[in-house]
Amino acid sequence: MSPASRRHLLEIADLTRVDAERVLDTARVLERSLDREVKKLPALRGRLVVNLFYESSTRTLSSFELAAKRLSADTMTLRASGSSVDKGESLRDTALTLAAYDPDVVVVRHPQIGAASLVASATEAHVVNAGDGKHQHPTQALLDLFTIREALGRLEGVSVAIVGDVLHSRVARSLVEALRLVDAEPLLVGPPTLLPRGIEEMGCATATSMDAVADVDVVYVLRMQSERMQAGAAFVPSLREYTALYGVTPERVRPGQLVMHPGPMNRGIEIDPRVADSGASLVTTQVRSGLVVRMAVLYDLLTAPGLHVAAAALEVA
Ligand code: CP
């Protein structure tokens, strides 16, 4: 996050390695609050966090809402559906309208690339990108780093195979950049039609066969993001064939490997239920990480930037 007084988290490129590690360290401190009987902390009392969501969400919206509440901030959630967006109000006018309430943070999810950036130009608030089209989803990448670091005790040198529809995935783009930031080793695996051309320039290897995942530490599974596919375009001959070639089955996961998925999962397509529900799966751990990492992001944006946080400062016993 840039050191200016009004900081945003629009993409992973906004973070230095020190920033990313500071957020993960803060999340680790905050995680201790989850085991307390009273889980609320006073850190952001009197602050306002607005969630502005133009796309469906279960995990991201619920975790930002709960994260703000757990830090004692006020929250307000506006979903495009059922709002005056239905009457044709633009994103900029919606942002200007919400800005009249003086929010401290606006969390934005939108199908258009650059939407969070537009909101940042229209308000005085700190803005967090909660997903813009197939561009970026930086807090997902941070929660994934946190999950991996907690599970393996390190990030440097960890190999992560990201499997499936990389072409339409903001999760993959953010995660590749985040893994590179901490000197981990991303590998993209999928049919050639679902691997973006030139993606190797981002510093990752690619493969078109599942044989390539045999030696990695983490298998990170993506769903087919049909909502972002051009109508009528066919990227695989059939879902059945895709599952046969790229589905993550028990036979394709070796002992000791970890399996992750950002959700929502399409069981039986990209991931076999026997894998999703196995001891190798970190899927629900990722959701729990999402809460503490988003608490850490809100805290980091709104309090002394660049400081490592002591438990006492957060009043975590
Ligand atoms: N991973 C993720 O962004 O999930 P939601 O779409 O449910 O927020």
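Reading the values: the criteria
- Residues numbered from 1 in each chain as written.
- Predicted model: local features only at pLDDT ≥ 70, side-chain atom pairs only at ≥ 80, totals over all residues.
- Heavy atoms only, no water.
- Axes fitted to C-alpha atoms, helices over the stretch in contact; angles between N-to-C directions.
- Helix = DSSP H or I, 4+ residues; strand = E, 2+ residues; numbered from the N terminus.
- Parallel < 35°, antiparallel > 145°, perpendicular 65-115°, else oblique.
- Left-handed = near helix turned anticlockwise from the far one by under 90°.
- Contact = heavy atoms within 4.5 Å.
- Pairing = 2+ DSSP bridges.
- Buried < 20%, exposed > 50% of the residue type's maximum accessible area, 1.4 Å probe, protein only.
- Arc of directions from axis to C-beta.
- Salt bridge = Lys/Arg side-chain N within 4 Å of Asp/Glu carboxyl O.

(A) Quick peek at the packing of helix H2 (residues 59-70) against helix H9 (residues 283-302). With their axes 8 Å apart at the nearest point, H2 and H9 run at an angle of 50 degrees to one another. Between H2 and H9, the crossing angle belongs to the class labelled oblique. As for how H2 packs across H9, the hand of that crossing is right-handed. Seen from H2, the contacting residues are Arg59, Thr60, Ser63, Phe64, Leu66, Ala67, Ala68 and Arg70; seen from H9, they are Val287, Gly290, Leu291, Arg294, Met295 and Leu298.

(B) Structural view of the sheet that holds strand S1 (residues 48-53). Taken together, four strands build an open sheet; the order of strands is S2-S1-S3-S4 and the sheet is parallel. Whereas interior strands pair on both sides, the edge strands pair on one side only; in this sheet they are strand S2 (74-79) and strand S4 (126-132). Pairs of neighbouring strands in the sheet enclose a mean axial angle of 15 degrees, with direction left out of account. Sheet topology places S1 next to strand S3 (residues 105-110); five bridges connect them, and they run parallel. Following the sheet pairing, valine 50 is matched in S3 by valine 106.

(C) Structural view of helix H3 (residues 91-99). When H3 is considered as a whole, its buried residues turn out to be Leu91, Thr94, Ala95 and Leu98. The buried side chains of H3 occupy one side of the element, clustering within an arc of 100 degrees when seen end-on. Of the surrounding elements, those touching the buried residues of H3 are S1, S2, S3 and helix H4 (115-122).

(D) Broad picture of the sheet that holds strand S6 (residues 185-189). With respect to topology, five strands assemble into an open sheet ordered S7-S6-S5-S8-S9, the strand pairing being parallel. Two strands in the sheet have a free side with no partner beyond their single neighbour: strand S7 (205-207) and strand S9 (258-260). Within the sheet, the average angular offset between the axes of one strand and its neighbour, ignoring direction, is 25 degrees. On top of the sheet, helix H6 (residues 170-181) reaches strand S5 (159-163), S6 and strand S8 (218-221); it is set at about 170 degrees to S5, its chief contact.

(E) Molecular detail of the pattern of salt bridges. Counted under the stated rule, the structure contains 15 salt bridges. The partner of arginine 22 in a salt bridge is aspartate 19, and the shortest N-O contact between them spans 3.1 Å. Pair noted here: arginine 22 and aspartate 19 are both in helix H1 (residues 17-31), with a separation of three residues, about one helical turn. Summarising the burial analysis for this pair, arginine 22 and aspartate 19 share the class buried. Of the charged contacts in the structure, one is a salt bridge between aspartate 104 and arginine 47, with a shortest N-O distance of 3.2 Å. Taken together, the residues span a long stretch of sequence, with aspartate 104 in the loop between H3 and S3 and arginine 47 in the loop between H1 and S1 at a distance of 57 residues. Relative accessible area serves as the criterion here: at 27%, arginine 47 is assigned to the partly exposed category. Residues participating in the shared-partner salt-bridge network are Arg7, Asp19, Arg22 and Asp300.

No statement about biological role is implied by the geometric values presented.
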